Amino acid sequence: STSNRTPTFKWLSVASAVSYEFQYDDSVNLLSPLYTVTVRGTFRRPPAMGNGIYYWRVRAKDAVGNWSGWYTQFTITIGP
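Residues numbered from 1 in each chain as written. Predicted model: local features only at pLDDT ≥ 70, side-chain atom pairs only at ≥ 80, totals over all residues. Heavy atoms only, no water.

Draft legend 1. Representation of the overall build of the protein within the structure. A count of helical and extended segments in the protein gives zero helices and six strands. Going from N to C terminus, the protein has its helices and strands arranged as β-β-β-β-β-β. The C-alpha atoms of the protein give 13 Å as radius of gyration, which agrees with the globular expectation for 80 residues (12 Å, within 12%). In terms of overall dimensions, the protein has C-alpha extents of about 45 × 20 × 20 Å along its principal axes. Considering only contacts within the protein whose residues lie at least 6 apart along the sequence, 59% involve residues at least 24 apart. (Helix = DSSP H or I, 4+ residues; strand = E, 2+ residues; numbered from the N terminus. Rg over C-alpha atoms; globule rule 2.2 N^0.38 Å. Contact = heavy atoms within 4.5 Å.)

Draft legend 2. Summary view of the pairing of strand β2 (residues 17-25). The element β2 is extensively covered by neighbouring structure, given that seven of its nine residues are classed as buried. The pairing of β2 with strand β5 (residues 52-62) spans eight bridges and is antiparallel. Residue pairing for β5: A17 is matched across the bridge by D62. For β2 and strand β3 (residues 35-39), the ladder comprises five bridges, and the chain directions are antiparallel. Along β3, the bridge assignment pairs E21 with T38. (Buried < 20%, exposed > 50% of the residue type's maximum accessible area, 1.4 Å probe, protein only. Pairing = 2+ DSSP bridges.)

Draft legend 3. Fine view of the pattern of salt bridges. Counting across every chain of the model gives one salt bridge. For R59, the salt bridge goes to E21, with nearest N and O atoms at 2.6 Å. Here R59 is found in strand β5, whereas its partner E21 is found in strand β2, with 38 residues between them in sequence. Look at E21 and you get buried, because its relative accessible area is 12%. (Salt bridge = Lys/Arg side-chain N within 4 Å of Asp/Glu carboxyl O.)

Draft legend 4. Examining the packing of aromatic side chains more closely. Tallying each qualifying case throughout the model produces eleven aromatic pairs. For the pair F9 and F22, a centre-to-centre distance of 5.0 Å together with 45 degrees between the ring planes defines the contact as tilted. With a gap of 13 residues between them, F9 in strand β1 (residues 9-10) and F22 in strand β2 connect regions that are remote in the sequence. According to the relative accessible area criterion, F9 is buried, its value standing at 3%. Aromatic ring contacts, followed pair by pair, group F9, W11, Y20, F22, Y24, Y35, Y54, W56 and F74 into a single cluster. Geometry around W70 places R57 over its ring, the cationic atom sitting 4.0 Å from the centre. Just above the ring of W67 sits the side chain of R59; from NZ or CZ to the centre is 4.4 Å. (Phe/Tyr/Trp six-rings, centres within 6.5 Å; stacked < 30°, edge-to-face > 60°. Lys NZ or Arg CZ within 6 Å of the ring centre and 35° of its normal.)

Shown next, in the form of structure tokens:
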């Protein structure tokens with residue numbers, strides 16, 4: 001839980017990864033993510049988020065373009 005509307009999300013690196021896909025949503029099933037981005041590093045600070053509960057996840061992409069499965073889903077609460 002945080003009152004910071006622009007938190008930095010961090011995850012562990014994967015040895016074979018060349019990039020990561022990060023997404024979050026306000027729905028636990030993440031079927032229509034509010035935010036999705038592909039990055040080369042192991043962190044992301046998305047644009048300001050509104051108050052609420054968000055669910056986020058990450059997956060890795062290797063050098064030949066294969067995506068891993070999604071890693072463990074996490075929850076963050078943004079509040080006043």
